[in-house]
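Descriptive analysis of the structure
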Amino acid sequence: MSSTEAPPWVIAELSESVLWLVLNRPGQRNPLSSQMINKLQESLAAAGENAEVRCIVIASSGPAFSAGHDLREMAVQAGETEADCRARMRGILEDCSRLMLDITRSPKAVIACVQGVATAAGCQLVAACDLAIASEEARFCLPGVNIGAFCTTPLVAVGRNIHRKHAMELALTGDLFDAEDAVRMGLVNRAVPAASLRDVTERLAQKIAGKSAEGIALGKSAFYEQLNKPLSEAYAITCEPMIDTMTTADAREGTQAFFDKRQPVWPQG
């Protein structure tokens, strides 16, 4: 990279079968700007098609995980009408919503590795991931109310992770909550010492990468589809995917390995 060339927005690092996607604007607190959103979307799409990638980790460089949307980008620009501003902001929010859906719809498990503060859409990004491991130093916040706004779109993902009263406490106070609170609320799976965050996340990701890729893809899709359905509909939705997962080549190998008392050898691709 030349001295005048901007650093990449997202750094992709493949560790065996685990792809680390590292947000790389530490000086700006890794905002979910249009550029960052687009690069994450591109990276997730490529990972979804790559058979070598069996698990994805979203992490960040610097002291902040993500401060959410770039407030300068979300503000009225010079010479811009209110209608043009609203249309541009709507486009950014729609792109961000698609990114969150891309994470949910990815055939690979996606883990957030949260080393610092995650606010607004950054907190939404953590909530959108399938799993989250946080440093004990991490902090979480939905601060829209502090600037006269409200974190309505981040609440979509956050409100589907945690109890509604916890979600509304985050949104109505705008306060920072620590990693222990985030674990208690269910926003993250566990909090670990900062020095061991990378290793703990890597071990979890490698464990998942060692499972059946086909089984995870089918099971993850079914889980999210049934999540907010009535109970009877949820069972109906998950019946066929259960049959699908039990009749794959991976399932046949896994079952035989169970009876043989050995580790399964998963087919590639």
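Our subject is the structure listed above.
Described below are features of the structure shown in this document. Just so you know, the residues in each chain are numbered from 1, in the order the chain's sequence is written. Reporting in this predicted model follows two pLDDT cut-offs: at least 70 for local features of residues, and 80 or more for side-chain atom pairs to be given and counted; totals over whole chains, interfaces and linings ignore these cut-offs and use all residues. Water and hydrogen atoms play no part in the side-chain values, which are based on all heavy atoms of the structure.

Right, let's get into a nonpolar patch on the surface. Residues Phe150, Met168 and Leu172 make up a contiguous nonpolar surface patch of about 260 Å² in total accessible area. Along the chain, Leu172 turns up in helix α6 (residues 164–173). With a 1.4 Å probe rolled over the protein chains alone, any residue whose accessible area is under 20% of its type maximum counts as buried; one over 50% counts as exposed, and the rest are partly exposed. A residue is classified by how much of its surface remains accessible, and Leu172, at 51% relative accessible area, is exposed. Like charges within 9 Å and nonpolar side chains (Val, Leu, Ile, Met, Phe, Trp, Tyr) within 5 Å are joined into patches, using only residues over 30% in relative accessible area that form no salt bridge. Reported accessibility uses the Shrake-Rupley method at a 1.4 Å probe radius. Residues are deemed covered only where the shown protein chains occlude them. Salt bridges are defined as contacts in which a side-chain nitrogen from Lys or Arg sits within 4 Å of a carboxyl oxygen from Asp or Glu. A run of H or I in DSSP counts as a helix once it spans at least four residues, and a run of E counts as a strand once it spans at least two, with each numbered from the N terminus.

Of all the six residues making up strand β2 (residues 18–23), six are buried; the element is thus mostly covered by neighbouring parts of the structure. Neither face of β2 is left uncovered, since the one carrying Val18, Trp20 and Val22 and the one carrying Leu19, Leu21 and Leu23 both have all their residues buried. At least two bridges found by DSSP between two strands are what make those strands a pair. Two elements, strand β1 (residues 10–15) and β2, share six bridges in a ladder whose sense is antiparallel. Pairing of Val10 across the sheet is with Leu23, part of β2.

Once that is clear, we can look at the sheet that holds strand β10 (residues 190–192). The six strands lie next to each other as β1-β2-β3-β5-β7-β10, forming an open sheet whose pairing is mixed. The open sheet is flanked by β1 and β10, the only strands paired with a single partner. Neighbouring strand axes in the sheet, compared pairwise and without regard to direction, differ in orientation by 20° on average. Lines fitted to the C-alpha atoms define the axes, with helices restricted to the stretch that makes contact. Angles between their N-to-C directions range from 0 to 180 degrees.

Glancing now at the nonpolar core. One finds Leu32, Val114, Val126 and Phe140 to be the most contacted residues of the largest nonpolar core, which totals 49 residues. Looking at this core, the element that brings in the most residues is helix α4 (residues 121–128), giving six residues. Any two residues whose heavy atoms approach within 4.5 Å at even a single point are treated as in contact. Not counting chain neighbours up to four residues away, the residues in contact with Val126 comprise Phe65, Ala112, Val114, Ala118, Ala132, Phe140, Leu187 and Val188. Counting 17 residues, the second largest nonpolar core, distinct from the first, contains Val22, Val57, Ala59 and Leu204. Grouping buried Ala, Val, Leu, Ile, Met, Phe, Trp, Tyr and Cys residues that are joined through side-chain atoms within 4.5 Å yields what is termed a nonpolar core.

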